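Residue-level structure breakdown
Next come the chains, spelled out residue by residue.
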Amino acid sequence: MAASSRAQVLRLYRALLRESQRFTAYGYRTYAIRRIRDAFRENKHLKDSEEIQTLVNKARTNLEIIHRQVTIGQLYSTQKLVIESPENRDNLII
């Protein structure tokens, strides 16, 4: 993979992770981050530039989808889950 292509892929990877961190819903956030990491790990050994470009285009499309879903999710926010709120952990009955 060319250096510029590698840098482009790394920028896209970081952008996907950064945008996924903005999900307000814990389940969506953790799922998106896990899927992004798994997909990039699965394909890190690819050498075919055409296949890499196809995956980069797919990742850009997914970045747009994530951005759109984050925006929608912020419009309809809900309360945080217990596992997201450290101050509520003291009130748990175990």
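Refer to the structure above for everything that follows.
This text gives an overview of the structure that appears in the document. (Residues numbered from 1 in each chain as written. Predicted model: local features only at pLDDT ≥ 70, side-chain atom pairs only at ≥ 80, totals over all residues. Heavy atoms only, no water.)

**Description of the overall build of the chain**
Each helix and strand in the chain was counted, giving three helices and zero strands. The helix and strand sequence of the chain, counted from the amino end, reads α-α-α. Burial analysis of the chain (94 residues in total) assigns 22% to the buried set. Sequence separation of at least 24 residues holds for 64% of the intrachain contacts in the chain that already meet a minimum separation of 6. Summed over all atoms, the accessible surface of the chain reaches about 7500 Å², with 53% contributed by carbon and sulfur. (Helix = DSSP H or I, 4+ residues; strand = E, 2+ residues; numbered from the N terminus. Buried < 20%, exposed > 50% of the residue type's maximum accessible area, 1.4 Å probe, protein only. Contact = heavy atoms within 4.5 Å. Areas by Shrake-Rupley, 256 points an atom, 1.4 Å probe, with all protein chains shown as cover.)

**Topic: a positive patch on the surface**
Taken together, the side chains of R11, R14, R18 and R60 define a basic patch exposed on the protein surface. It is helix α1 (residues 3-20) that provides the largest number of residues to the positive patch, a total of three residues. Note on placement: R18 falls in helix α1. (Patch = residues over 30% accessible without salt bridge, like charges linked within 9 Å, V, L, I, M, F, W, Y side chains within 5 Å. Salt bridge = Lys/Arg side-chain N within 4 Å of Asp/Glu carboxyl O. Lys, Arg positive; Asp, Glu negative; His and termini not counted. Charge placed at Lys NZ, Arg CZ, Asp CG, Glu CD.)

**As for the packing of aromatic side chains**
Applying the stated criterion across every chain yields a total of two aromatic pairs. Here the aromatic rings of F23 and Y28 are separated by 6.1 Å at their centres, their planes lie at 40°, and the arrangement is tilted. (Phe/Tyr/Trp six-rings, centres within 6.5 Å; stacked < 30°, edge-to-face > 60°.)

**Side note on the environment of R35**
Inspection of the secondary structure assignment puts R35 in helix α2 (residues 26-42). Sequence spacing of R35 and L17 is 18 residues, and the spatial spacing of their C-alpha atoms is 10.0 Å.

**Describing the environment of I36**
In this fold, I36 is placed in helix α2. Remark: the alpha-carbon pair of I36 and L16, spanning 20 residues in sequence, is separated by 7.3 Å. Look past the residues within four positions of I36 in its chain and what remains in contact with it is Y13, L16, L17, S20 and I66.

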